[in-house]
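# Structure assessment
Below, each chain spelled out in residue letters.
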Amino acid sequence: MVNTAIVLAAEEPSPIIPHVSEIILGAVAFLLLLWVLQKFAFPRFEALYKERTEKIEGGIKRAEEAQAEAEKALQTYQAQLAEARAESARIRDDARLEAEQIKEELRTQAQDEAARIVAAGRAQLEAQRAQIVAELRADLGRHAVELASRIVGESLEDDARRRGTVDRFLDDLDSVSARN
């Protein structure tokens with residue numbers, strides 16, 4: 001039985017090993033398919049691959065350029081910002097100095113104005129004092145002449161005599177007040 005099974009198996013085609021005609025037909029079909037792919041499909045694949053590579057490389061290059069431009073713009077912005085900050089600090093310092101100068105000028109003007117007002121007040125006081133002294137001298141002179149006229153019993157209406165008497169009396173008063 002075993003021998004008959006081996007003989008029968010030898011005459012029947014093997015399910016594992018294909019027929020020679022199938023191998024030749026498969027090889028021809030494979031070579032034909034390979035030729036069609038190489039003639040039409042592979043060039044398109046290569047073109048698409050090349051195009052996609054160029055797009056990616058171009059995109060990377062554009063991204064690098066955009067990155068470089070962005071960094072350049074950032075540096076320019078930072079430089080302008082630093083310059084603006086320095087300018088604002090300079091303007092602020094100038095404003096402080098100007099404010100101090102204005103404050104000092106106003107202080108000086110106020111002191112000058114106060115000194116002028118005090119001087120004007122003193123001058124006015126001196127003028128009023130001189131006027132009051134003159135009025136008092138005149139009143140005192142008149143009263144002294146009247147009193148002297150009553151005491152002496154004669155009229156001292158003569159201007160020259162009256163002035164001399166009044167001047168002598170006032171000089172005596174000045175000398176008495178200067179001693180005290």
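Small disclaimer: the values here were computed from a predicted structure and weren't measured. (Residues numbered from 1 in each chain as written. Predicted model: local features only at pLDDT ≥ 70, side-chain atom pairs only at ≥ 80, totals over all residues. Heavy atoms only, no water.)

### Considerations on the overall build of the protein
When helices and strands are counted, the protein shows three helices and zero strands. When the helices and strands of the protein are read in sequence order from the N terminus, they spell out α-α-α. With 180 residues in all, the protein has 5% of them scored as buried. (Helix = DSSP H or I, 4+ residues; strand = E, 2+ residues; numbered from the N terminus. Buried < 20%, exposed > 50% of the residue type's maximum accessible area, 1.4 Å probe, protein only.)

### Section: the pattern of salt bridges
Counted by the stated rule, this structure contains six salt bridges. Asp93 is the partner of Arg96 in a salt bridge, and the nearest nitrogen-oxygen pair spans 3.4 Å. With a gap of three residues between them, Arg96 and Asp93 both fall in helix 2 (residues 20-152), about one helical turn apart. With its nearest N and O atoms 2.3 Å apart, the salt bridge here joins Glu113 to Arg116. Of this pair, Glu113 and Arg116 both sit in helix 2, three residues apart, which is roughly one turn of the helix. Its relative accessible area of 35% is what places Glu113 among the partly exposed residues. For Arg116, a relative accessible area of 48% translates into the label partly exposed. Salt bridges sharing common partners tie together Glu87, Arg90 and Asp94. (Salt bridge = Lys/Arg side-chain N within 4 Å of Asp/Glu carboxyl O.)

### Thoughts on a nonpolar patch on the surface
Together, Phe30, Leu31, Leu33, Leu34, Leu37, Phe42, Phe45 and Leu48 give the surface a local cluster of nonpolar side chains, amounting to about 780 Å² of exposed area. Tracing the chain through its elements places Leu33 in helix 2. (Patch = residues over 30% accessible without salt bridge, like charges linked within 9 Å, V, L, I, M, F, W, Y side chains within 5 Å. Areas by Shrake-Rupley, 256 points an atom, 1.4 Å probe, with all protein chains shown as cover.)

### Structural notes on the confidence of the model for the protein
For the protein, the average pLDDT comes to 84, and 86% of its residues sit at 70 or higher. Element-level pLDDT for the protein is lowest in helix 1 (residues 2-11), with a mean of 55, against a maximum mean of 90 in helix 2. (pLDDT = per-residue confidence, 0-100.)

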